[in-house]
Amino acid sequence: MNHTHTARHTHGTDTDVQAEILDLDAEVLAEHTTSITAWLPLKSDPHHLVDLGCGTGTGTFALLDRFPDAHVTAVDASTEHLQRLRTKARALGVQDRVRTVRADLDETAWPDLGSPDMVWASASMHHMARPERALRNVHDALAPGALFAVVELAGHPRFLPENAPEERPGLEERVHAAADRLQKEHMPGRGADWGPMLTAAGFTVEGQRTIAVDIEGDRDEAIGRYALGVLQRIRGVIADRLSHEDLTALDRLLDPSGPHSVLRREDLTVRTERTVWAARRT
Ligand SMILES: C[S@@+](CC[C@H](N)C(=O)[O-])C[C@H]1O[C@@H](n2cnc3c(N)ncnc32)[C@H](O)[C@@H]1O
């Protein structure tokens, strides 16, 4: 991916920006995450869970909340994300129920994950360089009967009405089309159907559920910040693929203090889809 262009109004490192977006994801999509953890076809409450590619802990904390007797091993390649997760765990008083493990899951040898009753991987499997191998590693780490939940977003959420902004209607779709083309080249697993891949890795897929996310933005100023963060991050990688007029219009939306800023809009919504696959090691 081209990281040479950083979003004009973004401060901090790319990891900081991703961390902020992940935290906003957690806040804005909290009730959808709860409905996914409630839906999981579990035979009994799990005691040891693993959150693979845990980021700043959206899944970890949702799982700790859903299963009050469980502990979670949270795994990620990013030291900064894990640090943030530990700080949150302390603030929530659940530090004794979380163990963090820094590991690059693209490496052939995985860390010892213990014997989890359930592995959760949200928006992380599409990052794997060799997803088939990663799925087999998860399969081998689980005890027979244990569950693997793969959660993926259909893509970046949409925020603006189709006819916005006034001077460049349809801008957001053109921005996403450029990002999708770029990401297809670098992350073929994004937007994939994980069902057949899970079956090929030896799992029995027991359920698949797609949740449509459609949240009215006027309820929450976090949605403005979420839109700003997501669009800034996309701009950072596709700026050179947009027309001059589209880039100018996008920068007007992304100028937090400007009159056209997304932060000032009252017509934002969050529109996306999340799919979860529940796969059992038989
Ligand atoms: C889009 S974030 C999702 C984070 C979290 N699961 C959530 O739902 O908010 C993807 C995460 O996968 C991690 N990741 C990507 N590639 C990885 C790898 N090879 N090994 C370990 N973690 C990885 C990133 O550091 C990031 O935290």
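What you are looking at is a predicted structure, and each value in this text was computed from that prediction instead of being measured.

We now examine the pairing of strand β2 (residues 71-76). Counting buried residues in β2 gives five out of six residues, a clear majority hidden from the surface. With five bridges joining them, strand β1 (residues 48-52) and β2 adopt parallel strand pairing. Considered in β2, the bridge of Leu-52 is made with Val-75. Between β1 and its parallel partner β2, the chain crosses via helix α3 (residues 58-66), and the hand of that crossover is right-handed. Sheet topology note: the β2/strand β3 (residues 98-102) ladder contains five bridges and is parallel. By the bridge assignment for β3, Val-72 is matched with Val-98. The handedness of the β2 to β3 crossover, carried by helix α4 (residues 79-92), is right-handed.

Our next topic: the nonpolar core. Among the nonpolar cores identified, the biggest contains 35 residues, and Val-28, Phe-159, Val-175, Ile-215, Tyr-226, Ile-238 and Val-270 are the most heavily contacted of them. Looking at this core, the elements that each hand over two or more residues are α1 (14-28), α6 (171-186), β6 (203-216), α8 (222-238) and α9 (244-254). By size, the runner-up hydrophobic cluster in this structure holds 26 residues, among which are Ala-103, Met-125, Ala-146 and Met-197.

Looking now at the site of the ligand. What surrounds the ligand is a group of 18 residues, the closest being Gly-53, Asp-76, Asp-104, Leu-105 and Ser-122. One nitrogen or oxygen atom from the main chain of Gly-53 is found 2.7 Å from a nitrogen atom belonging to the ligand. At 2.8 Å, a backbone N or O of Leu-105 approaches a nitrogen atom of the ligand. Grouping the amino acids of the shell around the ligand by side-chain chemistry returns seven nonpolar, eight polar and three charged.

We now examine the confidence of the model for the protein. Mean pLDDT over the protein: 91, with 94% of residues reaching 70 or higher. Counting interchain partners and residues more than four positions distant, the pLDDT-below-50 stretch residues 1-11 has 28 contacts.

Moving on, we get to the packing of aromatic side chains. Applying the stated criterion across every chain yields a total of two aromatic pairs. Seen in terms of ring centroids, Phe-148 and Phe-203 are 5.5 Å apart; in terms of plane orientation they differ by 40°. Their pairing is tilted. With Phe-148 in strand β5 (residues 147-153) and Phe-203 in strand β6, this residue pair connects regions lying 55 residues apart in the sequence. Judged by relative accessible area, Phe-148 falls into the buried class, the value being 0%. According to the relative accessible area criterion, Phe-203 is buried, its value standing at 3%. Ring geometry for Phe-159 against Tyr-226: centres 5.5 Å apart, planes inclined by 85°, an arrangement best described as edge-to-face. Of this pair, Phe-159 sits in the loop between β5 and α6 while Tyr-226 is found in helix α8, placing the two residues 67 residues apart along the sequence. The exposure class assigned to Phe-159 is buried, which follows from its relative accessible area of 1%.

Calculation criteria
Residues numbered from 1 in each chain as written. Predicted model: local features only at pLDDT ≥ 70, side-chain atom pairs only at ≥ 80, totals over all residues. Heavy atoms only, no water. Buried < 20%, exposed > 50% of the residue type's maximum accessible area, 1.4 Å probe, protein only. Helix = DSSP H or I, 4+ residues; strand = E, 2+ residues; numbered from the N terminus. Pairing = 2+ DSSP bridges. Right-handed = clockwise from strand over helix to strand, strands pointing away. Core = buried A, V, L, I, M, F, W, Y, C linked by side-chain atoms within 4.5 Å. Near = heavy atom within 4 Å. Polar contact = N/O pair within 3.5 Å; in protein donor to acceptor, adjacent residues only side chain to side chain. Nonpolar A, V, L, I, M, F, W, Y, C, P; charged D, E, K, R; others polar. pLDDT = per-residue confidence, 0-100. Contact = heavy atoms within 4.5 Å. Phe/Tyr/Trp six-rings, centres within 6.5 Å; stacked < 30°, edge-to-face > 60°.

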